[in-house]
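What follows is each chain in one-letter form.
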Amino acid sequence: MLTVVVFAGLLGLCASAPLLDAPVGGNPCTWGPSYWCANSTQAIRCKTVDYCVSKVWKQSTEGLVGGDKCTWGPAYWCSGADAADECQATEYCDKNGYATAKTPTDNGAPLGSDKCTWGPSYWCSGVNQAEECDSMDYCKTVWENEQNQKL
């Protein structure tokens, strides 16, 4: 008899509990960093851009094919003396030549060779580009505005 009373009491408690608006896991922002940081759109939607920038995206190129610029070959190695030094390819570039421009700028680099001069369409095309061009704060604003327009 006591079992029936306890069971009936539990049944009444469950029946009076409020129902959740969404099932557990129904909100993808509860799925964690593997979801949040998969791309900038999801990071913005889940309000985790700062977390993704500091904890995930900074390390994202390690171990990835092409993550090391020195694996890009002579087009990168010989793009300048700094790259040749970085990739220990100075001897190769001295022998085979460095990249030259038909229309150099004042410093001798090809016009437009610095991608950070390409403007916001490049800077904000991804987190790595935003960091490369030191425009993360600007791009966060752009990404947030894009997300707000979609809502």
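Use the structure listed above.
Computed from a prediction, not measured in an experiment: that's the story for all the values here.

Caption draft 1: Expanded view of the nonpolar core. By size, the foremost hydrophobic cluster in this structure holds 17 residues, and its most contacted members are W36, C52, V53, W57, V127, M136 and W143. Of all elements in the fold, only helix 2 (33–36), helix 3 (40–45), helix 4 (49–56), helix 9 (127–132) and helix 10 (136–150) reach the threshold of two or more residues within this core. In this structure, C70, A83, C87 and C93 belong to the second largest nonpolar core, which totals eight residues.

Caption draft 2: Molecular detail of the packing of aromatic side chains. In the structure shown here, the tally under the stated rule is two aromatic pairs. Arranged with centres 5.6 Å apart and planes meeting at 85°, the rings of W36 and Y51 form a pair that is edge-to-face. Taken together, the positions of W36 in helix 2 and Y51 in helix 4 put the pair 15 residues apart, joining distant regions of the chain. Look at W36 and you get buried, because its relative accessible area is 19%. Y51 gets classed as partly exposed once you look at its relative accessible area, which sits at 34%.

Caption draft 3: Seen up close, the pattern of salt bridges. Using the criterion set out here, one finds one salt bridge in the structure. The salt bridge partner of K140 is D50, with a shortest N-O separation of 2.2 Å. Highlighted residues: K140 in helix 10 and D50 in helix 4, separated in sequence by 90 residues.

Caption draft 4: Quick look at helix 4. Buried residues of helix 4: V49, C52 and V53, and no others. In an axial view of helix 4, the angular spread of the buried residues amounts to 100°, which keeps them on one side of the axis.

Caption draft 5: Spotlight on the environment of S113. Residue placement: S113 occurs in the loop between helix 7 (90–96) and helix 8 (120–123). Judged by its relative accessible area of 42%, S113 is partly exposed. Sequence separation of S113 and S79 is 34 residues, and the distance between their C-alpha atoms is 9.3 Å.

Caption draft 6: Expanded view of the state of the cysteines. Under the defined criterion, the tally for this structure stands at five disulfides. Here C116 is linked by a disulfide to C133, with a sulfur-sulfur distance of 2.0 Å. Between C116 and C133, the S-S torsion sits near -85°, and that sign places the bridge as left-handed. Note that C116 is positioned in the loop between helix 7 and helix 8 and C133 in the loop between helix 9 and helix 10, a separation of 17 residues in sequence. By relative accessible area, C133 is classed as buried at 14%. Here C124 pairs with C139 through a disulfide, and the sulfurs are 2.1 Å apart.

So, how was this worked out
- Residues numbered from 1 in each chain as written.
- Predicted model: local features only at pLDDT ≥ 70, side-chain atom pairs only at ≥ 80, totals over all residues.
- Heavy atoms only, no water.
- Core = buried A, V, L, I, M, F, W, Y, C linked by side-chain atoms within 4.5 Å.
- Buried < 20%, exposed > 50% of the residue type's maximum accessible area, 1.4 Å probe, protein only.
- Helix = DSSP H or I, 4+ residues; strand = E, 2+ residues; numbered from the N terminus.
- Phe/Tyr/Trp six-rings, centres within 6.5 Å; stacked < 30°, edge-to-face > 60°.
- Salt bridge = Lys/Arg side-chain N within 4 Å of Asp/Glu carboxyl O.
- Arc of directions from axis to C-beta.
- Disulfide = S-S within 2.5 Å.

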